[in-house]
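Working through the structure, step by step
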Amino acid sequence: MNIEALNLGEDKSLLLVDDDEAFLRRLAKAMEKRGFEVEMADSVAAGKAVSTARPPAYAVVDLRLEDGNGLDVVETLRARRPDARIVVLTGYGAIATAVAAVKIGATDYLSKPADATDVTNALLALTDELPPPPENPMSADRVRWEHIQRVYELCDRNVSETARRLSMHRRTLQRILAKRSPR
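Everything numeric in this text was worked out from a predicted model, so none of it was measured. (Residues numbered from 1 in each chain as written. Predicted model: local features only at pLDDT ≥ 70, side-chain atom pairs only at ≥ 80, totals over all residues. Heavy atoms only, no water.)

**Some points on unusual backbone geometry**
Phi is positive for Arg157, which is not a glycine, with a value near 60°. In this fold, Arg157 is placed in the loop between helix 6 (140–154) and helix 7 (159–165). (Helix = DSSP H or I, 4+ residues; strand = E, 2+ residues; numbered from the N terminus.)

**Things to note about the layout of surface pockets**
Of the volumes computed, that of the second largest pocket is approximately 460 Å³. If you go around the second largest pocket, you meet 18 residues; those closest to its centre are Asp19, Asp62, Arg64, Arg150 and Glu153. Where the lining of the second largest pocket is concerned, the elements lending two or more residues are strand 4 (64–65) and helix 6. No other element matches the 6 residues that helix 6 contributes to the lining of the second largest pocket. Split by residue class, the lining of the second largest pocket holds 4 nonpolar, 3 polar and 11 charged. (1 Å grid on protein atoms, 1.4 Å probe; cavity = no way out; pocket = protein on both sides within 12 Å on 5 of 7 lines; lining within 4 Å. Points joined across faces, edges and corners; volume = space filled by probe spheres on them. Nonpolar A, V, L, I, M, F, W, Y, C, P; charged D, E, K, R; others polar.)

**Some words on the pairing of strand 1 (residues 13–17)**
Across the 5 residues of strand 1, 5 count as buried, placing the element largely inside the fold. Crossover strand 1 to strand 2 (residues 37–41) through helix 1 (residues 21–33) is right-handed. Relative to strand 3 (residues 58–62), strand 1 is paired through 4 bridges, and the arrangement is parallel. By the bridge assignment for strand 3, Val17 is matched with Val61. (Buried < 20%, exposed > 50% of the residue type's maximum accessible area, 1.4 Å probe, protein only. Right-handed = clockwise from strand over helix to strand, strands pointing away. Pairing = 2+ DSSP bridges.)

**Looking at the sheet that holds strand 6 (residues 85–90)**
Taken together, the 5 strands give an open sheet; going across it, the order is 2-1-3-6-7, and neighbouring strands pair in parallel fashion. Where the open sheet ends on each side, the last strands, each with one partner, are strand 2 and strand 7 (108–111). When strand polarity is set aside, the average angle formed by the axes of neighbouring strands in this sheet is 20°. Across 5 bridges, the pairing between strand 1 and strand 2 is parallel. Note on strand 2: the bridge partner recorded for Leu16 is Met40. Sitting on the sheet, helix 1 is in contact with strand 1, strand 2, strand 3 and strand 6, with an inclination near 170° to strand 2. (Axes fitted to C-alpha atoms, helices over the stretch in contact; angles between N-to-C directions. Contact = heavy atoms within 4.5 Å.)

**Quick notes on the confidence of the model for the chain**
Confidence in the prediction of the chain, expressed as mean pLDDT, is 83, and 88% of residues score 70 or more. The secondary structure element of the chain with the lowest average pLDDT is helix 4 (residues 95–103), at 73, and the one with the highest is helix 7, at 94. Per-residue pLDDT stays below 50 along residues 1–5; that stretch engages in 5 contacts with residues further than four places along the chain or on separate chains. (pLDDT = per-residue confidence, 0-100.)

As structure tokens, this is what we get:
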């Protein structure tokens, strides 16, 4: 992608909302290089505050944040600025959440790990244009591993509860958790 050729329009403001500080800083730096004027928030409360005070033209919002659901930020921003282009990011992709995100006003929905190019393409895509398929989609093993990790975190890292929710034997789960993530 030719960074100089991006047509961001008059308002280049971009709000990034994510509670992963390292990811937030990397994405902010990459988006600034592409010409966006970036403002960062690390919580639902901070994202809603920025959306209310200075509604941006573009936003990238993580679905699951420590203090709540990123869709609350999307609703606040959509109410303040109906023309904003909003992309919802998540490490835990589900069709139901993608549909909910789009219904309340998200322009697109991307699964992590998404890089700055994926995010830029989603933000600037024409509404009737279908996005190209990902160049390096996650393997089935990686998707399974991500799902297990997400449920494990939602169960406060309780192996027995996670195994019960996944209908999996506890020892099998322990072996999976002990291994490195698949590529």
